[in-house]
Amino acid sequence: MSDHPSHDMLFNETIPDIFICQTRWDLRILVSNLPYEGLPKTKQPNRYFPGNAVKTTKYSLWFFIPMNLYEQFHRFANLYFVGLAVLNFVPAVEAFQPEVAIVPICVMLALTALKDGWEDCRRFRSDRRINHTSCRVYSRKVSGFVERHWKDVRVGDLVEVASNEIIPADLLLLHTSDLNGVCHIETASLDGETNLKRRLVVPGLNTQDSSFEPQNFHCTVAVEKPNDNLNQFKGYIETSDMKRLGFGIDSLLPRGCTVRNTDLATGFVVYTGHETKSMMNKNGPQYKRSKLECKMNIDVLFCVILLFSMCLIGALGKMSLNVPLFLTPGSHGHMDSNPLSGLYMFFTMIILLQIFIPISLYVSIEMVKMGQIFFITNDVDLYEEKTDSRVQCRALNIPEDLGNIHYVFSDKTGTLTENKMVFRRCSVTGTEYSHNENGKSGKCKFPDRKLLQRVLAGGGDWDGCGGIRRCEATDLYLDFFLALTVCNTVVVSTATTARAQRQRVWHQSTSEIDISAQRCYVAESPDEAALVHAAKVYGFMLIARTPNSVKVRLPHGVELNYQVLDTLNFDPHRKRMSVVLRHPISGEIVMYTKGADYTVMELLDFERSAYKLNTASTQRHLNWYAKEGLHTLCFAKKVLSESAYKNWSLLRQEALAAIDNREELLMETAVNLEKQLTLLGATGIEDRLQECVPDTVMALREAGVRLWVLTGDKAETAINIAHASRLLDQEDLVIHMNTDDKAVCKSILDRSLEEGRRHTRPGYPGLSIGLVIDGHTLDMALQSDLVDRFLELARLCRSVLCCRVTPLQKSTVVKVVRERLKVMTLAVGDGANDVNMIQAADVGIGISGQEGMQAVMASDFSISCFKHMKKLLLVHGHWCNSRLSNMAIYFFYKNVTYVNLLFWYQFFCGFSGTSMIDIWLLIFFNLFFTSTPPIMFGVMDRDVSAETLLGLPELYRTGHESEGYSHFTFWIAMLDAFYQSLVCFFIPYLTYQGTDIDIYTFGSSMNTVSLFNILLHLAIEIKSWTLVHWVTMLGSVALYFTVTLVYSATCISCNPPSDPYWTTQQQMSEPIFYLVCVITTVVALLPRYAHNALIYIKGAHIFHWPTFLQPAPPNQPSPHTVSLSLFHSLSLCLPQVHIPCAEQHAGPHPPHTGEASGAAGPCHPGTVDQGVEGVQRRATGRAELPETDPGAGAFQNHTYTLHHQQSPRNPNSECSPAPPQC
């Protein structure tokens, strides 16, 4: 639609042929609408592009009913019931009154249609509000901007947006009120990022030199076709002199974003409506099918098989009986043959026994899940007061999967740590300077005295004119802190501070305040902010930043305004960024580079011997920083000649203007410039652990959950964090894998497997095994010929650390583990680099941290900190899984028990398909009388208290072993249902045998007995009675007798020729009715009650605390796992444990650096620490490859180390309370 052939012909006179070809295949060629204003639509050049109106509704007013029915009939359940209702209109197979039998499916379809209609109406009102929002579009007739609705904006219009206004369409930025051509936008509605993004006018457009006149814009705009990539946008503008000006994502103002800190911005509309970035990213929620639902689908098939078997028995029974004398021939004058009668009876039985398939179970489960999500989101323990945020759920159909997680894949920075960076150490020209006081305070306020003296002395002599001696311009200390100050994307803002200061002046009536002296640094990442604040402590203050300049105040108060020639932004492939500046005094061109240590070190110039010594010292310091768990960065510089920069700049401009392979060309130009660097120094930034991370990790480990940490940091940093978070204990056997050779990787895997099996086989004093592997080795281990060995080794490990991994590797690891090991996986992260991993897992959890909201928006659940994982999984996950499992089993039992009454009756009515229960009472039984109690059971029942679940994480293992719902429990419930249906049928039958009661009196007593039996069966299963349970149970009984009494009193001829009039009143007046109800219910429920009682008595005898808490080896199921029924009884046996939170104790949160200890933060209520105390020996061993292994000769260049260390546990740890006693 957008690339119509006739659209291309409109530009044949003004656009070269090469552009026409690109328009058809690769690009869109756009022109301004101003020259064509007022012309008919057929003559508009951009008429083939869609309008800006959006429509998210599914239905229209006139076609709502047929379209909604079409949608609903996509569900097999609806087709099943509608087909049976239609089949019931056939006289030969009619089982009920057709008009009455169609009522249930009509009610279900009507309720679903009302829900869909209400949701669509909400979408319609939202669309109308958005489409009628006002904006300003330039008009040539009035020579100014006029008000228009968003829906009237078209591609090629020029739109003006003011500060705090929402952008109506995707705009190419042409002009701003800022002299530097900068516009700041907030993209929170698009990608969740709360920090401001900087957008620039198209480079080289020169619209900032004078007042911008939209009517003079006669350029041709070429852009790529619409796509949903929020980080990619490319194109060029061709001016009247045939000059191409390339632009990228930095010049795009996406629809839905808000303009901030910019008075006015004018843009050219390139995408509208559903082709904008925001609308193409508004996909519906990803549907995930829970593991319980998959099991239920299989059992529903078993129910279908049972139904067809029972119908076949009815058909065979009909065929085998002689024709009764009271039957009369049909209209054709003769009786139907036995085979034909059997066929009719088969379909009649399907109609009669249709509720054998528990279709209402799916509707009830949706209601139960909504109730469970309500209680999860309103849990005060999952509320974070600091950020005013609570847990959110974006996937309503998988809450029970939280109770069945086997593997947790976690990011490190921002997930396990706070992502609040503190400048702790730095190395300048090979000399190390520590900042311990910053670590104690948590803020960068205290400089190192020696370093400060060196900085003040190294800057040279300053004259009164603000100059600096050129002979000192190359001072490396000065360059190091200049790199910290300028090599970033930090935005200097004073608007927020100014408003705050003005408010203080208004309230306090103080004297004039220097607002300009207060500056606010807005950084895209916390580490950039930490570096800028660290430089500020040493006197290097970032004053202002524009696209073309950066202003810095030096320690002696001199302000220098550097010209920014180019910026090479950070990308995940290069893992570094660079900025090219022109020195304001010397005029020389200097490039400052910042990046990961291993990417910068390989680009250094090693020609000078003295320089090699500084590099070796810096590398040694970097290793120290990594072992302390610090984030490391290297800084370097390069002085460029004028000719070298000009030649490189020409290549850079060509790459910017390119359309094909633009990203690759830009990458190539950046790599060509970032060579032969001079090392300035390195920094170590501390990122502290979040509260209660060690306690949460220990609880998940005791619950049988394997934890993997996937991080891009160095192995030393990840290992330090792993020990501090208790992901690895000092007594663990740790396997390190780091090699560049595939043969060596295979040998390491073989030797590691042998060592792992030796430590985990029965009878051997088992040790917990941990695996540390780097990204390159991981790539080889995931190849097809080694992946099985790697996964087998990983299954033996309790914890795995994958270091130096990319976002793609994170998602690959999750997919491989989930698909090959057939386990439930959960991924948790906080940044955009974790999105792929979160979406690849069965359950994705996003943490709303310092890196925006992209992970949250892509997740199924969102939390504010890692410690909430403990209660979310161990408590709510266990409850949701247990409740839904028990409710699903109960629904199967309830339907089979009730339907079998009709089946047994067929043996005594000649297989005629007759029902002894009135059709209305039959419908009301499942629709009203027994519907609410199971739902409340699924929403509010608690088999174990929250305190017990937090104190005994081993109880979470029940979800792994599917004790709540399995094919075994399903068939046990089926057998119980058949037994109870036999009792509920034959005791009343034998009681009233030989009497003169009518069919509906007999059916009424059986219906009442079934009600008591089904409700009391549920009462046995309920483990925690609440007022809601009592109200629903007693209310169901009261509703049943009220409806039946009123119905039998008023229904004189409701079901001709039979009449249920006054049957219930007459029956309730006879004592035999009550005796039948009591005896039948007791006999039917006696096996179920005895079974539960025996399990309770057995559980009370075998339960012993020390034995129960002993963890199982990582490769074996826990030998102390107790059955689900025992877990049900634990809430009666165990006391209500409440362990006070350590936040009540005095003392700051200790850092994670140094030796790992148990006290790494305040703990959550209900934690149990099972650390081994008193073990004070240390042992370190190294395993080597045999001489016959391939690659053994080069093994000394690779790492394969088995560490086994044991250290004492802190007995006074706040996260180590004494366990409660039963």
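Reading the values: rules and limits
- Residues numbered from 1 in each chain as written.
- Predicted model: local features only at pLDDT ≥ 70, side-chain atom pairs only at ≥ 80, totals over all residues.
- Heavy atoms only, no water.
- UniProt positions renumbered as here; feature names shortened; annotations may be inferred.
- Helix = DSSP H or I, 4+ residues; strand = E, 2+ residues; numbered from the N terminus.
- Buried < 20%, exposed > 50% of the residue type's maximum accessible area, 1.4 Å probe, protein only.
- Contact = heavy atoms within 4.5 Å.
- Areas by Shrake-Rupley, 256 points an atom, 1.4 Å probe, with all protein chains shown as cover.
- Pairing = 2+ DSSP bridges.
- Axes fitted to C-alpha atoms, helices over the stretch in contact; angles between N-to-C directions.
- Core = buried A, V, L, I, M, F, W, Y, C linked by side-chain atoms within 4.5 Å.
- Polar contact = N/O pair within 3.5 Å; in protein donor to acceptor, adjacent residues only side chain to side chain.
- Phe/Tyr/Trp six-rings, centres within 6.5 Å; stacked < 30°, edge-to-face > 60°.
- Lys NZ or Arg CZ within 6 Å of the ring centre and 35° of its normal.
- Parallel < 35°, antiparallel > 145°, perpendicular 65-115°, else oblique.
- Nonpolar A, V, L, I, M, F, W, Y, C, P; charged D, E, K, R; others polar.
- Expected span 1.5 Å × (residues − 1).
- Salt bridge = Lys/Arg side-chain N within 4 Å of Asp/Glu carboxyl O.

Within an unreviewed UniProt entry, the label attached to the protein reads Phospholipid-transporting ATPase, and the organism entered is Esox lucius. If you open the UniProt record of the protein and go to Sequence similarities (unreviewed entry), you find "Belongs to the cation transport ATPase (P-type) (TC 3.A.3) family. Type IV subfamily." Among the UniProt annotations of the protein, the heading Cofactor (unreviewed entry) holds the following wording: "Mg(2+)".

The secondary structure content of the protein amounts to 40 helices and 34 strands. For the protein, buried positions account for 55% of its 1222 residues. Across the protein, every contact between residues at least 6 apart in sequence was considered, and the portion connecting residues at least 24 apart equals 75%. Of the roughly 53500 Å² of accessible surface on the protein, a fraction of 57% belongs to carbon and sulfur atoms.

One open sheet accounts for 4 strands, arranged S1-S8-S9-S10; its pairing is antiparallel. Two strands lie at the open edges of the sheet, namely strand S1 (27–30) and strand S10 (244–247), each paired on one side alone. Averaged over neighbouring strand pairs, the angle between their axes works out to 20° when direction is ignored. Bridge analysis of strand S9 (residues 235–238) against S10 gives 4 bridges, and the strand direction is antiparallel. Pairing of Tyr-236 across the sheet is with Gly-246, part of S10.

Right, let's talk about the nonpolar core for a bit. One finds Phe-96, Leu-353, Phe-356, Leu-361, Met-887, Phe-892 and Met-916 to be the most contacted residues of the largest nonpolar core, which totals 89 residues. Looking at this core element by element, the count peaks at 16 residues for helix H29 (residues 868–905). Sequence-distant contacts of Leu-361, that is, excluding residues within four places in its chain, are made with Met-296, Met-887, Ala-888, Phe-891 and Phe-892. The next biggest cluster of nonpolar side chains, apart from the first, holds 47 residues, and it includes Leu-482, Ala-523, Val-552 and Leu-560.

On to the sheet that holds strand S4 (residues 158–162). Read from one edge to the other, the open sheet built from 6 strands follows the order S3-S2-S4-S13-S5-S11, with strand pairing classed as antiparallel. At either margin of the open sheet sits one strand with a lone partner, and together these are strand S3 (144–149) and strand S11 (252–253). The pairing of strand S5 (residues 170–176) with S11 spans 2 bridges and is antiparallel. Across the sheet, residue Leu-171 finds its bridge partner in S11, namely Leu-253.

Turning our attention to the UniProt feature "active site" (unreviewed entry) in the protein. If you check UniProt for "active site" (unreviewed entry), the listed places come out as Asp-411 in our numbering. Here Asp-411 shows up in the loop between strand S15 (407–410) and strand S16 (417–428). Polar side-chain contacts of Asp-411 include one of 3.3 Å to the side chain of Lys-810.

Mapped onto the elements of the fold, Trp-879 is located in helix H29. Judged by relative accessible area, Trp-879 falls into the buried class, the value being 4%. Sequence separation between Trp-879 and Ser-945 is 66 residues, and the spatial gap between their C-alpha atoms is 9.4 Å. Once you skip the residues sitting within four places of it in the chain, Trp-879 turns out to touch Arg-942, Asp-943, Val-944, Ser-945, Ala-946 and Leu-949.

Relative to the elements of secondary structure, Thr-930 occurs in the loop between helix H30 (919–929) and helix H31 (932–940). If near-sequence neighbours (up to four positions away) are discounted, Thr-930 is found in contact with Lys-894, Phe-925 and Leu-1011.

Time to look at the packing of aromatic side chains. On inspection of all chains with the given rule, the structure shows 47 aromatic pairs. Measuring from ring centre to ring centre gives 5.8 Å for Phe-217 and Phe-268, while their planes differ by 50°; the resulting arrangement is tilted. Of this pair, Phe-217 sits in the loop between strand S7 (196–200) and strand S8 (220–224) while Phe-268 sits in strand S13 (residues 264–271), placing them 51 residues apart in sequence. Ring geometry for Trp-708 versus Phe-790: centroids 6.1 Å apart, planes at 90°, classification edge-to-face. Of this pair, Trp-708 sits in strand S27 (residues 706–710) while Phe-790 sits in helix H25 (residues 787–796), and the two are 82 residues apart along the sequence. Classification of Phe-790 as buried rests on a relative accessible area of 1%. One residue, Arg-244, lies across the ring of Tyr-236, its end atom 4.4 Å from the ring centre.

Now for the pairing of S9. Burial along S9 is two-sided: Gly-235 and Ile-237 facing one way and Tyr-236 and Glu-238 facing the other are all buried. As judged from the 4 bridges shared by S8 and S9, these two strands associate in the antiparallel manner. Residue pairing for S9: Val-223 is matched across the bridge by Gly-235. Joining the antiparallel neighbours S9 and S10 is a turn of 5 residues, in which Met-242 adopts a positive phi near 65°.

What follows deals with the packing of H29 against H30. Contact pair H29 / H30: the axes reach a minimum separation of 12 Å and the direction vectors enclose 170°. As the angle between them shows, H29 and H30 are arranged roughly antiparallel. Touching Lys-894, Asn-895, Tyr-898 and Leu-902 of H29 are Leu-921, Leu-922, Phe-925 and Asn-926, all from H30. Split by residue class, the contact of H29 with H30 holds 5 nonpolar, 2 polar and 1 charged.

Turning our eyes to something else, we now look at the environment of Ser-364. Position of Ser-364 among the secondary structure elements: in helix H11 (residues 360–377). Discounting residues that sit within four places of it in the chain, Ser-364 has contacts with Met-887, Phe-891 and Ile-935.

Below, the discussion takes up helix H6 (residues 103–131). With 29 residues, H6 extends 41 Å from end C-alpha to end C-alpha; this agrees with the ideal 42 Å at 1.5 Å per step. Of all the positions in H6, only Ile-105, Leu-109, Thr-112, Ala-113, Asp-116, Asp-120, Asp-127 and Asn-131 are classed as buried.

Two side chains of opposite charge can pair, provided their charged atoms sit close to one another. One pass over the structure, following the stated rule, counts 42 salt bridges. Ionic pairing is found between Arg-148 and Asp-157, a salt bridge with its closest N-O pair at 3.9 Å. Taken together, the shared-partner salt bridges in this structure form one network comprising Arg-701, Asp-729, Asp-732 and Arg-798.

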